[in-house]
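Structural characterization, general
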Amino acid sequence: MNNTAISSPSALSHIWLLARFELTKRFSSRSGIIALIAFIMVWSIILIFPVKEAASIIMQPSFKEFMAAVFGPTTLDQLFNWKVAEFAVFWVAALYLFPLFSIFISADQFSSDKQRGTLRFISLRVSRNSLFLGRFIGQVLIQSLLIVLTLIVAIALIMSRDSSLLFPAINTALIIFASVLIVVLPYIAMMALLSIIANSARQASIFAVILWIIVSLVITLINVQLPGFDVVSYLLPGSQLSDMVNTQGLAAFAFTPIPLLQTVAILIIGRIVMQRSAL
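Read on for an overview of the structure. (Residues numbered from 1 in each chain as written. Predicted model: local features only at pLDDT ≥ 70, side-chain atom pairs only at ≥ 80, totals over all residues. Heavy atoms only, no water.)

1. Regarding the overall build of the protein
Selection rule: To qualify as a helix, a DSSP run of H or I must reach at least 4 residues; to qualify as a strand, a run of E must reach at least 2; elements of each kind are numbered from the N terminus. Classification of residues uses two cut-offs on accessible area relative to the type maximum, computed with a 1.4 Å probe and protein chains only: under 20% is buried, over 50% is exposed, and between them is partly exposed. Whether two residues touch is decided by their heavy atoms; if any such pair falls within 4.5 Å, the residues are in contact.
Assigned secondary structure in the protein consists of 11 helices and zero strands. The 279 residues of the protein split such that 42% are buried. By sequence separation, contacts in the protein at least 24 residues apart represent 79% of the contacts at least 6 residues apart.

Next comes the structure, spelled out in structure tokens:
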């Protein structure tokens, strides 16, 4: 009883310390700063050009009529109902780009330390469970910060067009933040798992691409052979993204169980691999 009471806070403090260290390491190292600069440049281009320009276009009734004629009246109808037009375009870009960024940004959770031998040193002082969860949570904090930064810039862009949209923009930004963060969770968990197996961040990214192709092909074959068994498509992270595009506001949270369940499943597999791996 006493041992449990003493060890639990220690494990939680280890996880938090590892998560904070992962966050500070990302933004203090040379590679982390380069990645951050590249991220800012890419999103600056997206926000200044596609988001700003497309937002003014989708507000036009003629464009709404054109999209309804091409894709059908209900395919993208929710995108035109956003209170803040810029966030409608931001939403589509964020759903697909943040998972992609998370794969590359979180690819080196364990591989480099394993190659240098420092992972074995760290595992002598903290449990492997604490190490695995601490690194994962650290990457979640990094992604959270990046999402917040882009949303702040987007709000500033919106305010330059119409200052009366401040409160709707903040409210929408909070919903987008929570939704996008939940979407990227299984990607971060997947890279935590692959970085244990891989010998480098590049190899972990290659493994992710190969795994993605293989799982997609298997799911396609299963859907062809068993058309009524389409639930298997939810094994692949991001399978719900095409459905989430045409949502707005709190309606996006209807899809949150899918990435959350995927994240839990991948973390369980990752924990097992971590326990059995030679560090």
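Continuing now.
2. Thoughts on the packing of helix α8 (residues 166-197) against helix α9 (residues 201-225)
Defined as follows: For every element, the axis is a line fit to its C-alpha atoms; helices are fit only across the contacting stretch, and the angle between N-to-C directions ranges from 0 to 180 degrees. By convention, the crossing between two helices is left-handed when the near helix turns anticlockwise from the far helix through less than a right angle, and right-handed when the turn is clockwise. Gly is placed with the polar residues, together with every amino acid not listed as nonpolar (Ala, Val, Leu, Ile, Met, Phe, Trp, Tyr, Cys and Pro) or charged (Asp, Glu, Lys and Arg).
Across the interface, α8 lies against α9 with an axial gap of 9 Å and an inter-helix angle of 115°. The two elements α8 and α9 cross, and the hand of that crossing is right-handed. In contact with Tyr187, Met190, Met191, Leu194, Ser195 and Ile197 of α8, α9 contributes Ala204, Ser205, Phe207, Ala208, Leu211 and Trp212. Broken down by class, the residue content of the contact of α8 with α9 amounts to 10 nonpolar, two polar and no charged.

3. Concerning the environment of Asn223
One can find Asn223 in helix α9. By relative accessible area, which is 26% here, Asn223 ends up partly exposed. Distance from Asn223 to Ser233, taken between C-alpha atoms, is 8.2 Å for residues 10 residues apart in sequence. When sequence neighbours within four positions are dropped, the list of residues in contact with Asn223 reads Phe229, Asp230 and Val232.

4. Some thoughts on the pattern of salt bridges
Where we set the bar: Here, a salt bridge means any side-chain nitrogen of Lys or Arg that lies within 4 Å of a carboxyl oxygen of Asp or Glu.
The full count for this structure, using the stated rule, is five salt bridges. One salt bridge connects Arg135 with Glu22, and the closest N-O pair in it is separated by 3.2 Å. Placement of the pair is Arg135 in helix α7 (residues 128-161) and Glu22 in helix α1 (residues 2-28), with a sequence separation of 113 residues. Across the pair, exposure class does not vary: Arg135 and Glu22 are buried alike. Between Glu86 and Arg161 there is a salt bridge, with its nearest N and O atoms 2.5 Å apart. Pair noted here: Glu86 is in helix α4 (residues 85-105) and Arg161 is in helix α7, with a separation of 75 residues, a long-range link. Arg161 gets classed as partly exposed once you look at its relative accessible area, which sits at 39%. Here the salt bridges share partners, and the residues they tie into one network are Glu22, Lys25, Asp113, Arg116 and Arg135.

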